[in-house]
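Here is how the chains run, residue by residue.
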Amino acid sequence: MIVAEKTIFYKAVGSEIEVFNQINQLQLPLLLKGPTGSGKSRFIEYMANELNKTLVTVSCHEETSATDLIGRFIIKGAETIWIDGPLSIAVKNGYILYLDEVAEARPDVIVAIHSLTDHRRELFIDKLGETIKAHPDFLLVASFNPGYQKGFKELKPSTRQRFVALSFDYPNPKVETEILINETGIEADIAQKLVTIGTKIRNLTELGLTETVSTRLLVDAAKLINNGLPKRLAVHVAVVEPLTDEQETIQALKDLCDLMI
Ligand code: ADP
């Protein structure tokens, strides 16, 4: 059987690949900071693939608890059996555990990963009374969106200081255009126009958007256009509508975009 090698497209925007190779050698925990849709997940998928490592991703939300990560006892017939959670599996097997949006998780998640983020590199499973030493290949990577406005959770300075951190932002226009072309096969001049729209809206800080146009939204618009949707409609539904629910702002942004594509 021939197994086709999976290639993952990732366009480096800074020194992140070099940094990752180092943290991999030194077994250091890594924090990816940056807005949604800026390439954090894609980067980690790419690195896992390059380094031939298994990636386990947990998308954290407000209900995500240490038990979800470490494991739990379940009742099976007459027996009670222990099931490892994704963190225990990754620690034992030397996988990369990616905790996406770690600040959203419950505080006990941060407590659980504490001893994995320093020289000990061990996981304490309180329900089993066991401490496991991490496999030498185990890596802990977390992401965090510092741009969130009030109502969203912050990451404590003492937690942040346990990680080496890389900042992600939207790529410069030339790189972002290349990403759109590579991701979707869209014509260069349309890709450029989409990137110009993205850049323009990102600069409209007076709109006070919680999250602005991400590379992901531009990729979605390019996909729709490539698939035959009229360009303006594609921009309306993929770029403008996801940004806000305020009708006035939506209309103003649609008018603005129509002038650019
Ligand atoms: P995040 O994890 O930061 O929310 P993603 O990694 O899911 O964002 O990125 C969203 C999409 O944007 C990806 O699926 C990919 O199409 C595109 N993308 C963003 N940055 C890059 C990059 N540097 N190289 C390739 N694709 C990228």
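Residues numbered from 1 in each chain as written. Predicted model: local features only at pLDDT ≥ 70, side-chain atom pairs only at ≥ 80, totals over all residues. Heavy atoms only, no water.

- Named according to an unreviewed UniProt entry, the protein chain is Nitric oxide reductase NorQ protein originating from Flavobacterium cheniae.
- Quoted straight from UniProt, the Sequence similarities (unreviewed entry) entry for the protein chain says "Belongs to the CbbQ/NirQ/NorQ/GpvN family." (UniProt positions renumbered as here; feature names shortened; annotations may be inferred.)

1. Overview of the overall build of the protein chain
Then step 1. Counting its secondary structure elements, the protein chain contains 11 helices and 9 strands.
Then step 2. By its C-alpha atoms, the protein chain is 65 × 45 × 40 Å across when sized along the principal axes.
Then step 3. By the burial criterion, 44% of the 261 residues in the protein chain qualify as buried.
Then step 4. When contacts within the protein chain are restricted to residue pairs at least 6 apart in sequence, long-range pairs at least 24 apart make up 69% of them. (Helix = DSSP H or I, 4+ residues; strand = E, 2+ residues; numbered from the N terminus. Buried < 20%, exposed > 50% of the residue type's maximum accessible area, 1.4 Å probe, protein only. Contact = heavy atoms within 4.5 Å.)

2. Some thoughts on the packing of aromatic side chains
Then step 1. Counted according to the given criterion, the structure contains 5 aromatic pairs.
Then step 2. Considering the side-chain rings of phenylalanine 20 and phenylalanine 43, the 5.8 Å spacing of their centres and the 85 degrees angle between planes classify their relative orientation as edge-to-face. Of this pair, phenylalanine 20 sits in helix α1 (residues 16–26) while phenylalanine 43 sits in helix α2 (residues 40–50), placing them 23 residues apart in sequence.
Then step 3. For phenylalanine 20, a relative accessible area of 0% translates into the label buried.
Then step 4. Between phenylalanine 43 and phenylalanine 168, the ring centres sit 5.5 Å apart and the planes meet at 50 degrees, which makes this aromatic pair tilted. One end of the pair, phenylalanine 43, is in helix α2; the other, phenylalanine 168, is in the loop between β9 (164–167) and α7 (173–184), and 125 residues separate them in sequence.
Then step 5. The class for phenylalanine 43 is buried, based on a relative accessible area of 0%.
Then step 6. The class of phenylalanine 168 is buried, set by a relative accessible area of 5%.
Then step 7. Here the aromatic residues Tyr10, Phe20, Phe43, Tyr46 and Phe168 are joined through ring pairs into a cluster of three or more. (Phe/Tyr/Trp six-rings, centres within 6.5 Å; stacked < 30°, edge-to-face > 60°.)

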